[in-house]
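Coordinate inspection notes
Chain by chain, the residues:
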Amino acid sequence: TFASKGVGTTIGVTATDTLGGSAASNYLLQEPIGLTASINPLGITVSGSSVGTKAYDGTDAATLTGGSLVGVLAGDLSSIGLSQSCMFASSNAGATIAVNASDALMGSTASNYSLIQPTGLSGSITPAHVTLAGTPITATKIYDGTTAASTSGGSLSGLIAGDSSAVSLVTNFASANAGQNIAVIPSLSGANASNYVIDFT
């Protein structure tokens with residue numbers, strides 16, 4: 001038997017060997033001494049983890065919920081717990097974005113276990129909403145075969161800090177043909193434009 005049941009190296013071991021056979025009673029067994037051995041952590045897994053959907057905020061922070069430990073010995077269920085943590089592989093808006101888990105064990109018996117991180121996790125980041133305040137004034141132009149419109153006025157509010165240089169307001173005529181009172185459609189342009197949708201006021 002081990003001197004202790006917890007994980008460790010060079011743990012003392014007490015031998016309780018016995019003799020067998022018809023002549024065993026003629027001998028006195030001297031037990032081996034100085035024995036040691038190791039107890040390695042027991043590998044356990046996490047089941048049922050779910051990634052929460054969030055609105056774009058410029059970070060890769062993600063939230064895991066619902067995970068439970070699988071493989072914990074019955075006597076340790078009340079002395080071990082799970083702390084869940086994860087990050088999106090990308091901070092941009094999108095669906096089924098890969099999520100990397102970095103869960104941890106806690107509790108008095110946590111050191112006796114080795115946690116195998118959940119894999120195959122994914123989640124979604126929805127576009128953030130920006131508000132277009134004011135009405136962009138569209139300049140009349142000569143027909144050039146494109147829908148590009150030159151505007152002034154109107155401003156965006158609600159951009160995440162750091163995105164003001166990566167997102168800009170652009171406008172396009174609904175039709176490239178010459179005409180009067182052609183509808184003008186505001187939209188977003190730039191490297192991070194896909195992370196936002198416009199709310200009109």
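My aim in this report is to walk through the structure given alongside it, one point at a time. Just so we're clear, the structure is a prediction, and the values are computed from it rather than from any experiment.

**Quick notes on the pattern of salt bridges**
Per the counting criterion, the structure on display carries 2 salt bridges. Across the pair K54 and D57 runs a salt bridge, and its minimum N-O distance is 2.8 Å. For D57, a relative accessible area of 31% gives the class partly exposed.

**Examining the pairing of strand β11 (residues 94-101)**
Inspection of the sheet shows strand β10 (residues 86-88) paired to β11 by 3 bridges, in the antiparallel sense. From the neighbouring strand, M87 faces β11, where its bridge partner is N100. Linking two consecutive strands that pair antiparallel, namely β10 and β11, is a turn of 5 residues.

**Quick notes on the sheet that holds strand β19 (residues 155-157)**
Taking strand neighbours across the sheet as the criterion, the 3 strands line up as β19-β15-β22 in an open arrangement whose pairing is mixed. Each having just a single partner strand, β19 and β22 (196-200) make up the two edges of the open sheet. Recorded for the sheet is a direction-independent mean angle of 35 degrees between the axes of neighbouring strands. Two elements, strand β15 (residues 128-133) and β19, share 3 bridges in a ladder whose sense is antiparallel. Among the inter-strand pairings, T131 is bridged to a residue of β19, identified as S157.

**Comments concerning the packing of aromatic side chains**
As enumerated under the stated definition, the model contains 1 aromatic pair in all. When the centroid spacing of 5.4 Å and the interplanar angle of 80 degrees are considered together, the rings of Y56 and Y196 count as edge-to-face. Here Y196 lies in strand β22 and Y56 lies in the loop between β5 (54-55) and β6 (61-62), a separation of 140 residues in the sequence. There is no split in this pair, since Y56 and Y196 are both buried.

The rules behind these values
- Residues numbered from 1 in each chain as written.
- Predicted model: local features only at pLDDT ≥ 70, side-chain atom pairs only at ≥ 80, totals over all residues.
- Heavy atoms only, no water.
- Salt bridge = Lys/Arg side-chain N within 4 Å of Asp/Glu carboxyl O.
- Buried < 20%, exposed > 50% of the residue type's maximum accessible area, 1.4 Å probe, protein only.
- Pairing = 2+ DSSP bridges.
- Helix = DSSP H or I, 4+ residues; strand = E, 2+ residues; numbered from the N terminus.
- Axes fitted to C-alpha atoms, helices over the stretch in contact; angles between N-to-C directions.
- Phe/Tyr/Trp six-rings, centres within 6.5 Å; stacked < 30°, edge-to-face > 60°.

The quantities given are spatial measurements derived from coordinates; they are silent on function.
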